[in-house]
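# Commentary on secondary and tertiary structure
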Amino acid sequence: MFKRSDESLINKALDGDERAWHQLVSRYQSMLYHYGLRLMGNPDDARDLLQDVLMVLCRNLAQFRGDSSFKTWLFGIANYRAMDMLRKRKPTQDIDDSPDLFNDDEPSQEARLHGQQTQKIVQQQLKYLPADQRLVVELRFYQQFTFDEIADQLAISSNTVKSRFYAALDKLRTQLEVAHVEQSANF
Amino acid sequence: MLNNQQIFEAWLAGKLTTAECEQQLQSDTEWYGRFLTAQQLQRHAKSPTFTAVPDIDTSQMFRQQWGGRRTKTAWWPKLSVGMSAMALIFSISPLQLQLEDGALALRWNQNNSVQQQQQLTTMLASFQQEQQQYLQQQLLNQQQQQATQLVLLKDYMTENEQKARRGDMIELVEYLNQQRQSDWQYWQDNVQPTQARLDYNSSYQPNRTKTGVNKP
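Conventions we followed
Residues numbered from 1 in each chain as written. Chains lettered and ligands numbered in written order. Predicted model: local features only at pLDDT ≥ 70, side-chain atom pairs only at ≥ 80, totals over all residues. Helix = DSSP H or I, 4+ residues; strand = E, 2+ residues; numbered from the N terminus. Contact = placed C-beta atoms within 7 Å. Buried ≥ 20, exposed ≤ 12 C-beta atoms within 10 Å, placed from the backbone. Pairing = 2+ DSSP bridges. Axes fitted to C-alpha atoms, helices over the stretch in contact; angles between N-to-C directions. Parallel < 35°, antiparallel > 145°, perpendicular 65-115°, else oblique. Left-handed = near helix turned anticlockwise from the far one by under 90°. Core = buried A, V, L, I, M, F, W, Y, C linked by C-beta atoms within 7 Å. Domains from an automatic or database assignment. pLDDT = per-residue confidence, 0-100. Expected span 1.5 Å × (residues − 1). Arc of directions from axis to C-beta.

### A word on the overall build of chain B
In terms of helices and strands, chain B carries six helices and two strands. Along chain B, from the amino end to the carboxyl end, the secondary structure elements read α-α-α-α-α-β-β-α. Pairs at least 24 residues apart make up 16% of the contacts formed inside chain B by residues separated by at least 6 positions.

### A short note on the overall build of chain A
The number of helices and strands found in chain A is eight helices and zero strands. Along chain A, helices and strands appear, N-terminal first, in the series α-α-α-α-α-α-α-α. Long-range contacts, defined as pairs at least 24 residues apart, comprise 63% of the intrachain contacts of chain A with a sequence gap of at least 6.

### What to know about the pairing of strand β1 (residues 95-100) of chain B
All names here are of chain B. Burial analysis of β1 places just zero of its six residues in the buried class, a small minority of the element. Pairing geometry for β1 and strand β2 (residues 103-108), over six bridges, is antiparallel. Its bridge partner lying in β2, Leu-97 is registered against Leu-106. With antiparallel pairing between neighbouring strands as the criterion, β1 and β2 make up a hairpin whose turn holds two residues, including Asp-101 at a positive phi of roughly 55°.

### A closer look at the packing of helix α3 (residues 43-60) of chain A against helix α4 (residues 70-88) of chain A
All names here are of chain A. Interhelical geometry of α3 versus α4 gives an angle of 135° and a closest axis separation of 10 Å. Between α3 and α4, the interaxial angle falls into the category oblique. Regarding α3 and α4, the two cross each other, and that crossing is right-handed. Contacts from Asp-45, Leu-49, Asp-52, Val-53, Val-56 and Leu-57 of α3 reach α4 at Leu-74, Ile-77, Ala-78, Arg-81, Ala-82 and Met-85.

### A closer look at the interface of chain A and chain B
Counting from both sides, the interface comprises 35 residues of chain A and, opposite them, 25 residues of chain B. If you list the elements that add at least two residues to the side of chain A that touches chain B, you get α1 (6-14), α2 (18-40), α3, α5 (114-126), α6 (131-142) and α8 (158-186) of chain A. Broken down by element, the side of chain A that touches chain B gets its largest block of residues, nine residues, from α2 of chain A.

### Considering the nonpolar core
Here is a general trend for soluble globular proteins: nonpolar side chains tend to be buried in one another's company. Counting 56 residues, the largest nonpolar core has Val-136 and Val-137 of chain A as the members making the most contacts within it. Inspection of this core shows a minimum of three residues originating in each of domain 1 (1-93) and domain 2 (108-187) of chain A.

### Structural notes on the confidence of the model for chain A
Residues and elements named next belong to chain A. Averaged over all residues, the pLDDT of chain A is 83; the fraction at 70 or higher stands at 83%. The model gives residues 94-100 a pLDDT under 50, and that stretch makes ten contacts with residues more than four places away or in other chains. Contacts from residues 102-107, a stretch scored under 50 in pLDDT, to residues over four places away or in other chains number three contacts.

### Structural notes on unusual backbone geometry
Residue and element names in this part refer to chain A. Residues other than glycine seldom take positive phi values, yet Gln-144 does so here, at roughly 60°. Along the polypeptide, Gln-144 turns up in the loop between α6 and α7 (147-154). Overall, the presence of 10 C-beta atoms within 10 Å leaves Gln-144 in the exposed class. Positive phi outside glycine occurs at Ala-155, with the angle close to 55°. Within the secondary structure layout, Ala-155 lies in the loop between α7 and α8. Taking the number of C-beta atoms within 10 Å as the measure of exposure, Ala-155 has 9 and is therefore exposed.

### Describing the confidence of the model for chain B
Taken over all residues, the pLDDT of chain B has a mean of 85, while the share at 70 or more is 87%. The ipTM assigned to the predicted complex is 0.78, against a pTM of 0.57.

### A word on the environment of Asp-84 of chain A
With respect to the helices, strands and loops of the structure, Asp-84 of chain A is situated in helix α4. A tally of 12 C-beta atoms within 10 Å means that Asp-84 of chain A is categorised as exposed.

### Digging into the environment of Arg-89 of chain A
All names here are of chain A. Position of Arg-89 among the secondary structure elements: in the loop between α4 and α5. For Arg-89, a count of 14 C-beta atoms within 10 Å translates into the label partly exposed. In sequence terms Arg-89 and Asp-45 are 44 residues apart; their C-alpha atoms lie 9.8 Å from each other.

### A word on the environment of Ser-158 of chain A
All names here are of chain A. Summarising the element assignment, Ser-158 is placed in helix α8. Residue class for Ser-158 comes out partly exposed when judged on the 14 C-beta atoms lying within 10 Å of it. On a C-alpha basis, the gap between Ser-158 and Asp-148 in space is 5.6 Å, while along the polypeptide they are ten residues apart. Residues in contact with Ser-158, not counting those within four places in the same chain, are Phe-147, Asp-148 and Ala-151.

### Quick word on α3 of chain A
When the terminal C-alpha atoms of α3 of chain A are compared, their 25 Å separation across 18 residues agrees well with the 26 Å that a helix rising 1.5 Å per residue should span. Among all positions of α3 of chain A, only Ala-46, Leu-49, Leu-50, Val-53, Leu-54, Leu-57 and Cys-58 of chain A are buried. Along the long axis of α3 of chain A, the arc covered by the buried residues comes to 165°, so they all point the same way. Opposite the buried face of α3 of chain A, at more than 90 degrees from it, the exposed residues are Asp-44 and Asn-60 of chain A. In the core, the buried residues of α3 of chain A are packed alongside α2 and α4 of chain A together with α4 (58-66) of chain B.

What follows is the structure in structure tokens.
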């Protein structure tokens, strides 16, 4: 099936074509929600972030000039809103209160496999990274943006992005080692 | 020569394979650790997520922001379809557009089929004439060729006949010679001894030759 480009859908949506707007939203909705889940750490905040980003997108759709890809532009908005929400978050809110993205209620055998456990540990440890580092890791690994694209989105230099990225990797490495040791001790 | 950061970033960008990167970073604990952590993150990023996306009323958002706008439709696809349809009608119908003496004339030519029939008749007549000429020429060529072949055949037969006659004559001569030889042999074997005996008994031997052989 012929797939319309993002630019074409935007133009149609700007002309009042609601179907084009829905098509555009459905293309990025899931991506944005999971981004929010990983970054914010809980479904409610992720939902709020998604709604907020879509509202901003709808309002500012005409401002997309095509200087970068639509995804880059959209995640630029998402990053800004996410950082804003993280800053406004109550300082007393303990990060451990946020639920895991992996559903513990499913007692499947696969969940007991080592690989699944490792994935769960990675997910948990990501929450303990500072927000700016978590964001860079999210954009680099989960959204597959290059360092330069991330620098453009966050309006910082590429070297700063790399510095945050490597700091995140170092911290995560230590956290993962500790988590693995604790897990082994529990067994 | 790449340093470890460049090697790591090349791997991240997909320019180096995991095995190559691992081999080159193994000696550096810091970079190798980063590489392993990055691999874990990559695996996590690639693992599927099954969390349901909440339903958000984006239609309301859209209508509030852009709903007032009337959908504009592009005019050129319609024009294109219209022009195509017109071209189709022109080609099917007997409508003719002709430029004569600087004047552009649009005609509804209904005699088109009669003209076509006349053209067809003329072309058929011309074709028939060409075919007849060709057949006549072919016939003439055939006759000439046949005459030549007959002459050649006659010569061949005459020559063969002469050869056969000569052969027959030779055979006849040979036959006659053989007959004569045979007669002479018969005479020598049967007649001559009798003659000799008769001659020997008679006192008068007028035809005796020096060799003692009598000619018949």
